[in-house]
Protein chains: 2
Amino acid sequence: MSGADSTHAAVNFEGYTCPLPIQKHEVVVMGHGSGGRLSRDLITRLFLPGLGQAAPRVLDDSATLMVNGTRLALTTDSHVVAPLTFPGGDIGRLAVCGTVNDLAMVGAAPLALTSGFVLEEGLPLDELEQIVRSMQAAAAEAGVSILAGDTKVVQKGGADRLFINTAGVGVVPAGVDISGANAQPGDAVIVSGTIGDHGIAVLSAREDLGFETELRSDVAPLNHLVAAMLAAGTLHVLRDPTRGGLATALNEIAEQSGVAIELDERLIPLRPAVSAACEMLGFDPLYVANEGKLVACVPADQAQAVLRAMRAAPYGAEAVIVGQVLPGPSGQVTLKTQIGGTRLLDMLAGEMLPRIC
Amino acid sequence: MSGADSTHAAVNFEGYTCPLPIQKHEVVVMGHGSGGRLSRDLITRLFLPGLGQAAPRVLDDSATLMVNGTRLALTTDSHVVAPLTFPGGDIGRLAVCGTVNDLAMVGAAPLALTSGFVLEEGLPLDELEQIVRSMQAAAAEAGVSILAGDTKVVQKGGADRLFINTAGVGVVPAGVDISGANAQPGDAVIVSGTIGDHGIAVLSAREDLGFETELRSDVAPLNHLVAAMLAAGTLHVLRDPTRGGLATALNEIAEQSGVAIELDERLIPLRPAVSAACEMLGFDPLYVANEGKLVACVPADQAQAVLRAMRAAPYGAEAVIVGQVLPGPSGQVTLKTQIGGTRLLDMLAGEMLPRIC
């Protein structure tokens, strides 16, 4: 299915090379929603050529545009997580935080959100009400309003209960220039806390897996954390490692910036419950989704100041330096393992945990 | 299911009175997606109380907010039309035009769109590609870019092929103040062309109805038409009569503005094919969805100038005055019928044509 190994360069886009055009027999597979290699494949082979001049020009978490001297950030996310409620959150909190965080990842203060609901006929209204209340609580925490909404209903069997799209608009403060393309050799790589909590928490809520843990999703709005970081120092890159996890996010950054990134496995914060679940299920926590974490590339001389600010801010108490940016080879992410070896970390190749957000 | 006849006024919002809170046994029904009375019921009973302070303050097609002296418009729509392709358009064109038009209905020039895709596993990629190309063509026609996107995939049976959410941000020119709350007694009510074309065209594409027509959907971006109207005179109200049709849109305006609206049935433009299909199927064309039409309330002394500008603009050739705004009774919409009687036009009560957009 994937043509990622093809040498046919039909489209070149921000350093991504597009392989073969869409073939007649190809269909959507779960991996197209993974956030990893196959998602990238769909974007470069179908969406970008299809949208032509109307397509996004940069593949950051939010697009930005200048309007009368103000730099706006704009982003969208559809949410199809199953089940709708999981330890530590639900689809409502996820939908608000996901979009607030995408805005925050270009340094934008969130201004307003929209929400679009697709409801399956038969969904209990009190369950929907609970989820809407959860959206409100998350929006209040982030300090953002949900200014516009839309509701569609499909017949029973036409959708799996409830999908929520949120889009968001924010304002990037003057002088802030954060992008996946801005990593520079020597930058410290910081993560804001433990990784993999969200993915494993959602997984634990899927009854058919017969697997339980006390772990809660980390789903949280990171805009106040980012504001504290911006006040403490210069930030080159921010990204929230959602689908595809930390490894995929770092691969995107290395590719966009034309640099290499080296991680030290011993420094990566990991809850024992996540570690145990991953071992049991054969997952690599570096590829498991987070919904309340960020990874940052920060000039080395500012890393300690930024780290201090993070540790004093909401959702940054466990922030830590986990690696560094190297001049090359361009696009390469490596992991110095606990036992002293070096492992190449590629993007997520298939689909590990479908419908995680 | 509907509590619309209840006298329990739990919430008051822009003149809408909210009846009973959500009861335990209530579930989502198709009518909640109709755009009519039950949709309103869901908004006032569940979304507005649930979102609390985070909720929208005005129920126009777009919300507006001031940012550094610029008035932005913000809107969203999810699209679940079935089938994905119909005479005159497809879900891609619909998704772009729907959001461009919601921006235009507050007088905003569209700045950028986002698009969020929910794909069902197994959807042919060449079909998706065709739809994305159609989005591009519609965006190019409107002169807007699709700056951000997101793709999720659900397993086979988890969604009905493809849903597209679009959100949009636009800029409202200084001095423009268009809202459903601004209709004034004496205003002329103008529609931009024939009504009901979209709904009947989509219906004709549903094979199981065994009914065919040469009719095409009117789906089109109306921003250039609105720009021409703004240049020609003062506009009090604009609304695109989508779900729920012309009658529901006028009911919303009459309610928001605290006025009455009187239509003259003989003046309402209607294609013979739409008229015939509605007669055959027992539909009232006043409640059938449009996707490339607008209704405007314009000061009487400016109506002819606006009308002339509309007839010279894209998608306005058949614009015509169909009625007038009266002082009261507040919220009432009436139709002077062809045979000289007067008929009360309420909002759409149930669901006539599910998944029309």
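The next subject is the nonpolar core. Most often, soluble globular proteins have nonpolar side chains that are buried together. Grouped together as the largest cluster of nonpolar side chains are 48 residues, with contacts concentrated most on Phe117(A), Leu119(A), Leu128(A), Leu162(A) and Ile200(A). Top contributing element to this core by residue count: helix α3 (residues 125-142) of chain A, with eight residues. For Phe117(A), the contacting residues outside a window of four places in its chain are Leu128(A), Val132(A), Met135(A), Asp150(A), Thr151(A), Lys152(A), Leu162(A), Phe163(A), Ile164(A), Phe47(B) and Ser78(B).

So, on to the sheet that holds strand β12 (residues 260-264) of chain A. All names here are of chain A. With mixed pairing, seven strands are arranged side by side in an open sheet as β11-β13-β10-β14-β12-β15-β16. A single partner strand is all that each edge strand has here, and the edge strands are β11 (237-239) and β16 (342-344). Averaged over all pairs of adjacent strands, the angle between their axes in this sheet comes to 25 degrees, without regard to strand direction. As paired strands, β12 and strand β14 (residues 320-326) are joined by four bridges and run antiparallel to one another. Note that in β14 the partner of Ile261 across the bridge is Val325.

Turning our eyes to something else, we now look at the relation of the copies chain B and chain A. The two chain copies are connected by a rotation around an axis plus a translation along it. Turning chain B through 180 degrees and shifting it by 0.0 Å along the axis lays it on chain A, with an RMSD of 0.0 Å. Read as a symmetry element, the transformation amounts to a two-fold axis. Looking at the rotation axis and the C-alpha trace of chain B, the residue lying nearest is Ala159(B), at 2.0 Å. The share of interface residues of chain B whose copies in chain A are also at the interface is 100%, consistent with both copies meeting through the same surface.

Let's shift gears to the confidence of the model for chain A. All names here are of chain A. A residue-level look at chain A finds 91% of positions with pLDDT of 70 or above and a mean pLDDT of 91. Note on residues 1-18: pLDDT under 50 across the span, and 45 contacts to partners over four residues away in sequence or across chains. Across the interfaces of the predicted complex, the ipTM metric reaches 0.93, alongside a pTM of 0.93.

Right, let's get into the sheet that holds strand β14 (residues 320-326) of chain B. Residues and elements named next belong to chain B. Strands sit in the order β11-β13-β10-β14-β12-β15-β16 across an open sheet of seven strands; the sheet is mixed. With one partner strand each, in any of the chains shown, β11 (237-239) and β16 (342-344) form the two edges of the open sheet. Neighbour-to-neighbour, the strand axes of the sheet open up by a mean angle of 25 degrees, direction not taken into account. In terms of strand pairing, strand β10 (residues 188-191) meets β14 through four bridges, oriented antiparallel. Looking at the pairing, Ala188 lines up with Gln324 of β14.

Residue and element names in this part refer to chain A. Among all positions of helix α5 (residues 223-232), only Asn223, Leu225, Val226 and Met229 are buried. Within α5, the buried residues cover an arc of 155 degrees as seen down the axis, which keeps them to one side. On its buried face, α5 is in contact with α2 (91-104), β7 (109-120), α3, β11, β13 (295-298) and α8 (303-311).

It is worth spelling out the environment of Ser39(B) at this point. Residues and elements named next belong to chain B. Assignment of secondary structure puts Ser39 in helix α1 (residues 37-51). By relative accessible area, Ser39 is classed as buried at 11%. In the structure, Ser39 is positioned 138 residues away from Asp177 in sequence and 26 Å away in space, judged by C-alpha atoms. Those residues in contact with Ser39 that sit more than four places away from it in its chain are Gly31, His32, Gly33 and Ser34.

Calculation notes
- Residues numbered from 1 in each chain as written.
- Chains lettered and ligands numbered in written order.
- Predicted model: local features only at pLDDT ≥ 70, side-chain atom pairs only at ≥ 80, totals over all residues.
- Heavy atoms only, no water.
- Core = buried A, V, L, I, M, F, W, Y, C linked by side-chain atoms within 4.5 Å.
- Buried < 20%, exposed > 50% of the residue type's maximum accessible area, 1.4 Å probe, protein only.
- Helix = DSSP H or I, 4+ residues; strand = E, 2+ residues; numbered from the N terminus.
- Contact = heavy atoms within 4.5 Å.
- Pairing = 2+ DSSP bridges.
- Axes fitted to C-alpha atoms, helices over the stretch in contact; angles between N-to-C directions.
- Least-squares fit on C-alpha atoms with pLDDT ≥ 70 in both.
- pLDDT = per-residue confidence, 0-100.
- Arc of directions from axis to C-beta.

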